Amino acid sequence: MILIKNIGELVGIVPAGVLRKQGAEMAETGVLRDAWLAIEDGKIAGFGQMADLAVASTGSATAIDARGGMVLPAFCDSHTHIVYAGSRDGEFLDKINGLSYEEIAARGGGILNSSDLLHETSEDELYAQSIARVREMMGKGTGAIEIKSGYGLNPADELKMLRVIRRIKESVPALVRVTFLGAHAVGRGYTHEEYVQVMVDMMPQAAEYADFVDVFCDEGFFTVEDTDRLLSAGAACGLRPKIHANELAVSGGVQVGVRHGALSVDHLERTTDVEIEVLRGSSTMPTMLPGSSFFLGIPFGRAKEFIGAGLGIALASDYNPGSSPSGDMRFVMALGCIRMRLTPVQALNTVTLNSAYAMGLSDITGSITPGKRADLLLTRPGWTLTKLPYLYQTPFLRTVFLGGRPLE
């Protein structure tokens, strides 16, 4: 047993059975001051106030003195593209010089550029580059990560990506979920219709590796009809949808996602009241990606309006080489507060419990709940929840626990 004692604030306490926060619940989280927390067999065994800690029952525990530091759930990142080759820093200069995301894509850059680089990169080298990003994310406090394919854009290279993601999943203490995003763009050498059919035909092979299927349902990429066809093929193979929608235009992606029971619909930079209404009462988690809004200079999602309508939201990094080259979930949380006007408590719920829900993991991680995995962050002394997004560049972490073990 590990006993963390003298915790200044234990933040993110959620009762057993609560899998997501919605509406007014987004402003709520349990907080216990001057606390202890026990870890046993990799899980949260219990917690309470120091005044109630029975010394006799903790004699054999390995004690860690928090010295007034805060303990909170590890971050959960439900939308990443971190298996990629090389860099797209040249496109960074294009953006500075005024080209839009769509203009770069039309010139053969963007996703197709990453596809070309990945095709020329060996599987071992792709793994080496990608695992370095995963380790960086874990070191910054992320304990659950969704990773998408989508830079292969042909069956052989998509499978190469899926094998690399599985290898990552087997190599790290973080929880990893796998998403097949073959329909990220139309691969070179295919017509649009040919490519959709190839991805439909590939679905049984992808299902051997993946938990979810995703489609970039947006202007200039895949239509609602394409998406409906691809999600139906995925469902036949046991893959639940997670949709890219409404990044570039009001695309209809939210509607087709909800119709197919999508676990999440992601991006949502451009939404109307119609999308909000469609999501009400559904099991789908609206997921916004403020890192992409920040990097591309596009609108931020209407987080406060979604919450005001009774919905929950998750925030994720969208870590990728073209539109959000960062997996720092503490910065995502800060953007949620600074640019989307979420309170620190609301922002915490978006990057922990709700983002875990958007990966189907909120029964396992994402909150301080007895029986859940001990995926925890122990801060340096003096930190509070409000300081995390406020002092968003100041080092704050003392120890990251994943599955109850300190990250080395």
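Further up the page is the structure itself.
The present account deals with the structure reproduced in this document. Just so it is clear, the model here is predicted, and its values are computed rather than measured.

**A short note on the overall build of the chain**
Assigned secondary structure in the chain consists of 15 helices and 16 strands. Compactness check: the chain gives a C-alpha radius of gyration of 21 Å against a globular reference of 22 Å for 408 residues, within 12% of the reference. C-alpha extents for the chain along the principal axes are approximately 70 × 45 × 45 Å. Evaluated residue by residue, the chain yields a buried proportion of 60% over its 408 residues. Restricting to contacts in the chain with at least 6 residues of sequence separation, those with at least 24 account for 73%. For the chain, the computed accessible surface area is about 15000 Å², with 51% contributed by carbon and sulfur atoms.

**A few points about the packing of aromatic side chains**
Considering all chains together, one arrives at seven aromatic pairs under this definition. Between F92 and F295, the aromatic rings sit 5.7 Å apart at their centres with planes inclined by 15°, giving stacked as the arrangement. Separated by 203 residues along the polypeptide, F92 in helix α1 (residues 89-96) and F295 in helix α10 (residues 290-296) bring together distant segments of the chain. For F295, a relative accessible area of 24% gives the class partly exposed. Seen in terms of ring centroids, F331 and Y392 are 6.0 Å apart; in terms of plane orientation they differ by 40°. Their pairing is tilted.

**Structural notes on the nonpolar core**
By size, the foremost hydrophobic cluster in this structure holds 95 residues, and its most contacted members are V134, I147, I168, F180 and I313. In terms of residues, this core owes the most to one element, helix α6 (residues 192-206), which gives seven residues. The contact partners of I147, leaving out residues within four places of it in the chain, are T80, I82, V83, V134, I165, I168, V176, R177, V178 and T179. By size, the runner-up hydrophobic cluster in this structure holds 18 residues, among which are A35, I39, A66 and L378.

**Comments concerning the sheet that holds strand β7 (residues 142-148)**
The sheet built from eight strands is open, its strands ordered β6-β7-β8-β9-β10-β11-β12-β13 with parallel pairing. Looking along the sheet, the strands with just one partner apiece sit at the ends: β6 (75-77) and β13 (314-315). Inspection of the sheet shows β6 paired to β7 by three bridges, in the parallel sense. Paired with C76 across the bridge in β7 is A144. Helix α4 (residues 123-139) rests against β6 and β7 of the sheet, and its axis sits at about 145° to β7.

**A word on a nonpolar patch on the surface**
A contiguous nonpolar patch, built from F92, L93 and I96 and spanning about 310 Å² of accessible area, is present on the exposed surface. Summarising the element assignment, I96 is placed in helix α1. Residue classification places I96 among the exposed positions, given a relative accessible area of 56%.

Reading guide: rules and limits
Residues numbered from 1 in each chain as written. Predicted model: local features only at pLDDT ≥ 70, side-chain atom pairs only at ≥ 80, totals over all residues. Heavy atoms only, no water. Helix = DSSP H or I, 4+ residues; strand = E, 2+ residues; numbered from the N terminus. Rg over C-alpha atoms; globule rule 2.2 N^0.38 Å. Buried < 20%, exposed > 50% of the residue type's maximum accessible area, 1.4 Å probe, protein only. Contact = heavy atoms within 4.5 Å. Areas by Shrake-Rupley, 256 points an atom, 1.4 Å probe, with all protein chains shown as cover. Phe/Tyr/Trp six-rings, centres within 6.5 Å; stacked < 30°, edge-to-face > 60°. Core = buried A, V, L, I, M, F, W, Y, C linked by side-chain atoms within 4.5 Å. Pairing = 2+ DSSP bridges. Axes fitted to C-alpha atoms, helices over the stretch in contact; angles between N-to-C directions. Patch = residues over 30% accessible without salt bridge, like charges linked within 9 Å, V, L, I, M, F, W, Y side chains within 5 Å. Salt bridge = Lys/Arg side-chain N within 4 Å of Asp/Glu carboxyl O.

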